[in-house]
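Fold and contact review
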Protein chains: 2
Amino acid sequence: MSMSRTRDTRDRRERLVVVGGDAAGMSAASQARRLRGPDELEIVAFERGRFTSFSACGIPYWVGGEVTERDQLVARTPEEHRERGIDLRLRTEVTEIDVPGARVRARDLDSGAESWTPYDQLVIATGARPIRPPLPGVDAPGVHGVQTLDDGQALLDTLSATEGHRAVVVGAGYIGVEMAEALINRGYEVTVVNRGAEPMSTLDPDMGRLVHEAMEGMGITMVNNAEVTKLLTGGGGTSLLERSRELGGSRVRAVATDDAEYPADVVVLGIGVRPETALARAAGLPLGEHGGLLTDRAMRVRGHENIWAGGDCVEVLDLLSGRERHIALGTHANKHGQIIGTNVGGGYATFPGVVGTAVSKVCDLEIARTGLREKDARRAGLQYVTVTIESTSRAGYYPNAAPMTVKMLAERRTGRLLGTQIVGREGAGKRVDIAAVALTAGMTVEQMTTLDLGYAPPFSPVWDPVLVAARKAVAEVRRHAE
Amino acid sequence: MSMSRTRDTRDRRERLVVVGGDAAGMSAASQARRLRGPDELEIVAFERGRFTSFSACGIPYWVGGEVTERDQLVARTPEEHRERGIDLRLRTEVTEIDVPGARVRARDLDSGAESWTPYDQLVIATGARPIRPPLPGVDAPGVHGVQTLDDGQALLDTLSATEGHRAVVVGAGYIGVEMAEALINRGYEVTVVNRGAEPMSTLDPDMGRLVHEAMEGMGITMVNNAEVTKLLTGGGGTSLLERSRELGGSRVRAVATDDAEYPADVVVLGIGVRPETALARAAGLPLGEHGGLLTDRAMRVRGHENIWAGGDCVEVLDLLSGRERHIALGTHANKHGQIIGTNVGGGYATFPGVVGTAVSKVCDLEIARTGLREKDARRAGLQYVTVTIESTSRAGYYPNAAPMTVKMLAERRTGRLLGTQIVGREGAGKRVDIAAVALTAGMTVEQMTTLDLGYAPPFSPVWDPVLVAARKAVAEVRRHAE
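Residues numbered from 1 in each chain as written. Chains lettered and ligands numbered in written order. Predicted model: local features only at pLDDT ≥ 70, side-chain atom pairs only at ≥ 80, totals over all residues. Heavy atoms only, no water.

**Quick word on the domain arrangement of chain A**
Reports of interface size often rely on the accessible area that becomes lost once the parts have come together. Residue and element names in this part refer to chain A. Domain annotation for chain A reports domain 1 (3-128 + 274-344), domain 2 (143-269) and domain 3 (366-481). Each of domain 1 and domain 3 has a C-alpha centre, and the two are 37 Å apart. Across the boundary between the two partners, domain 1 contributes five residues, which contact 10 residues of domain 3. Here domain 1 and domain 3 share zero salt bridges between them. Counting across the domain 1 and domain 3 interface gives zero residue pairs in polar contact (both at pLDDT 80 or more). Here the side of domain 1 that touches domain 3 is built from residues that sort into one nonpolar, one polar and three charged. (Domains from an automatic or database assignment. Contact = heavy atoms within 4.5 Å. Salt bridge = Lys/Arg side-chain N within 4 Å of Asp/Glu carboxyl O. Polar contact = N/O pair within 3.5 Å; in protein donor to acceptor, adjacent residues only side chain to side chain. Nonpolar A, V, L, I, M, F, W, Y, C, P; charged D, E, K, R; others polar.)

Following this line, the structure appears as structure tokens:
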């Protein structure tokens, strides 16, 4: 069945095998290569797709038209990796990890040939797969996920071949709201169908409500508390592409919930992702409660000296709750890869965990969060106070001072910052970094009130909005202490 | 000579006297009032000008035309303070502080009447005065400072009455570069004459060089290493206003240095400010080497239980160097006032010190700094490494990703962050807050590399520019450790 690939006995080089050629995997490979040249370390990387090191986070902007060329999303091409001495095998899927034998089996997706490749060090960077609910009609033409560049291209092909103008986005998390913006930019009438009470369930509902209202103000139809039951197909097909393929009758025409039907010429699934860990599970590697690989601080798979994992296929420690979470985000994947590559390359680096920072936007609305939501704090057994304030991005008298709302959670008694959420316009989103660093440092809201932040009228009110929230939180902490 | 004002013996209220009605003084008064009502605390505030609580930092934008009305710069009017039960005396200058007698002498600037006012608690918030070098011609018509609202109005009057189109700004610090922008916006040809080797001496010269080049790119003539020797007057007067006043012959017509003369229809002095502490000095209160009042952490003047000071008239502890500095900045003044008011009001608050964060802009160029420059580090006896990187404000493929340069200083051996300087376009400036919080928390550059900052393509590259600098600094620290 498989041709066994054994190592040349004269080759004393160590071999690093990387499974998955995207952010985490190729960052690890690149960093290991930087530290150890081809004479010392052989690097073989398997990628089942046709691309490497691409920015999945950039797909909504490609679909929306801000990014014009697919290749702009590719940070480093296969050729560039190969020039750096990485033996990169595209369209080659790893089908098995043999941990006791220290080898992986891979299949060439074009020829179907399989072979085993032994490793001294293994990096698992298999990423995440989009959640695709097993609904009737979910595989119909006109229904799209947006995880890979091929997904993005397929959606763009549908958009350019579709005469309709109605789009339904299922899900109102980051991907959902970003895709709503993309489709608005493409001239679609957009409906967002969302299971939760408000969009952006990574925020508390009171802050999600602000997003809801702002999105409606942009002309987006928001349907909350709605569970999609099926995707209706046939009859309404308007795609030139499909007509030419004689598939017209089977394409999506509406999204159905218990209560209603929402006509759709195109449907985008933006429900979220799960760790892609089937291989790891089959190999008996340790997975957490969210299905992601569990690693130590050096990003080594727990209990396995020579197996590393990073990016969207691992769980990360939440420094606030002390629990593992699954967060699929390119910035973490790149850090993990850098750390793994440093360790494999003979250096030393660790990933301490996350505070859960995220930022996004819908048209000109900026949405950011870090730390714990109210329900996270309760789940972690923490008692907290919460405050919400309104301020502006610049001095009130300066042109284009944009309103923003900041919500802050602090621990009762100690006053330790637990979380911050921001919804506003230009200049709101990246302010969350102030709170992210303060959370990492374990600061109290009282310590935050004297932070020496950049001030000038075009950049901030004299009290930065984050400090205004901190001041109010101090008062609230004191009130509860009395 | 003076009518002694004694307290009604039936009045058991404590009296707080505030000297100076701007940010620090009126913040202190307002916060004290919030905590203690008029039945408990009498508050008397003396202000020699006609305004209270105005934003001096906003004056360049008023002159430049972004802010259209003077009153937009007034955060709280005299009437609003009075409504809150503060006995505010405008156009009343405190001329003496009698510390042993616990009273201040004040003169009504309109009537000339003087009187003594006893205090239980005293807040000194006398601010700063602009440096006005004793040069020939410095008092000529057409030469302007920009410290007070009256200064701003006088400059605006000159601009609207002047037919000329040539402006010279003396000084290339924050005020200088902001006034250069304002005058460009007013349609002037602007020359900036600067004593230092590069503009923005709050940056290292290599970063100041970037500001220099960018300002030249905006059409501003930059003259560095130039000491102004005199202001030439007469002959060139073009002001309608002055002609009507028959003063034409004495108005400014050029700025002279050792080497050259720069024709000027208007001259703006933006050389900086010094603490206004003549009163405090005469009263024997402790001043530091920069001429500012010295306080404890609660903002109490050292050695004086019932005298407080804050804002531009005090020195602040630099947390990095361990030394006192003078930094005139509205955001500190507001914090000081808040802290003093809390303490006077029976609460407890402290100001730990500063890390020296500042942000500014010239047209679309953003300039930011925090912590120590190279020469500060040397002066503090610290050995350091330094790195400089280039990155962008957004993902490289996202529209309007603007270039920025980040310079970072870290302590040798420990890798502790010592300072960060940023020069770039939109989105560059406020990124300095990340470093400001990290400095406050005493983080190492290695700790910074794993900071969980907000990432999405419209907001940041996958590695935030500050983290790119931190990564390079880590490598540099390691290189020096070998």
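Once the structure has been displayed, the description carries forward.
**What about the pairing of strand β3 (residues 41-46) of chain B?**
Residue and element names in this part refer to chain B. Most of β3 is tucked away, with six of its six residues classed as buried. Side chains Leu41, Ile43 and Ala45 of β3 all project onto a buried face; the interleaved residues Glu42, Val44 and Phe46 project onto the opposite face, where all are buried too. Here strand β2 (residues 14-19) pairs with β3 via six bridges, running parallel. Of the residues in β3, the one forming a bridge with Leu16 is Ile43. Once you follow β2 into helix α1 (residues 23-35) and on to β3, the crossover reads as right-handed. In this sheet, strand β4 (residues 87-89) lies alongside β3 in parallel orientation, the contact comprising three bridges. Pairing of Val44 across the sheet is with Asp87, part of β4. (Buried < 20%, exposed > 50% of the residue type's maximum accessible area, 1.4 Å probe, protein only. Helix = DSSP H or I, 4+ residues; strand = E, 2+ residues; numbered from the N terminus. Pairing = 2+ DSSP bridges. Right-handed = clockwise from strand over helix to strand, strands pointing away.)

**A word on the relation of the copies chain A and chain B**
Laying chain A over chain B is done by rotating through 180° and shifting 0.0 Å along the axis; what remains is an RMSD of 0.0 Å. What the rotation and shift describe, once combined, is the action of a two-fold rotation axis. Residue by residue, 100% of the interface of chain A is reproduced at the interface of chain B, so both copies engage with the same surface. (Least-squares fit on C-alpha atoms with pLDDT ≥ 70 in both.)

**Some words on the nonpolar core**
In terms of nonpolar packing, the biggest core is built from 84 residues, with Met408, Val445 and Met448 of chain A together with Met408, Val445 and Met448 of chain B touching the most fellow members. Excluding its chain neighbours within four sequence positions, the residues that come into contact with Met448 of chain B are Met408, Leu417, Ala435, Ala438, Met443, Val466, Leu467 and Ala470 of chain B. Grouped together as the second largest cluster of nonpolar side chains are 51 residues, Leu41, Ile86, Ala125 and Ala309 of chain B included. (Core = buried A, V, L, I, M, F, W, Y, C linked by side-chain atoms within 4.5 Å.)

**Topic: the state of the cysteines**
Residues and elements named next belong to chain B. All chains considered together, the criterion is met by zero disulfides over all chains. Cys57 provides the cysteine sulfur closest to Cys363, a residue in no disulfide bond, and the two sulfurs are 19 Å apart. The exposure class of Cys363 is partly exposed, given its relative accessible area of 22%. (Disulfide = S-S within 2.5 Å.)

**Looking at the interface of chain A and chain B**
Chain A puts 63 residues into the contact, and the matching count from chain B is 64 residues. Here chain A and chain B share an interface that buries about 5,000 Å² over both sides, 65% of which is from carbon and sulfur atoms. Among the residues chain A hides against chain B, the three largest losses belong to Tyr397, Asp452 and Phe459 of chain A. Together they make up 16% of the total. Here chain A and chain B share two salt bridges between them. Mapped by element, the contributors of at least two residues to the side of chain A that touches chain B are α9 (330-344), β22 (358-362), α11 (432-440), α12 (445-449) and α13 (465-481) of chain A. Here the side of chain A that touches chain B gets seven residues from one element, more than from any other, and that element is α9 of chain A. Counted by class, the side of chain A that touches chain B contains 31 nonpolar, 18 polar and 14 charged residues. (Buried area = accessible area lost by both parts, 1.4 Å probe.)

**Points about α1 of chain B**
Residue and element names in this part refer to chain B. Taking 1.5 Å per residue as the helical rise, α1 with its 13 residues ought to reach 18 Å, and the 18 Å between its terminal C-alpha atoms agrees with that figure. Taking burial as the measure, the 13 residues of α1 include 11 buried ones, the bulk of the element. Every buried residue of α1 is accounted for by Ala23, Ala24, Gly25, Met26, Ser27, Ala28, Ala29, Ser30, Gln31, Ala32 and Arg33. Taken together, the buried residues of α1 touch β2, β3, α3 (78-83), β4, β8 (121-124) and α9 (330-344). (Expected span 1.5 Å × (residues − 1).)

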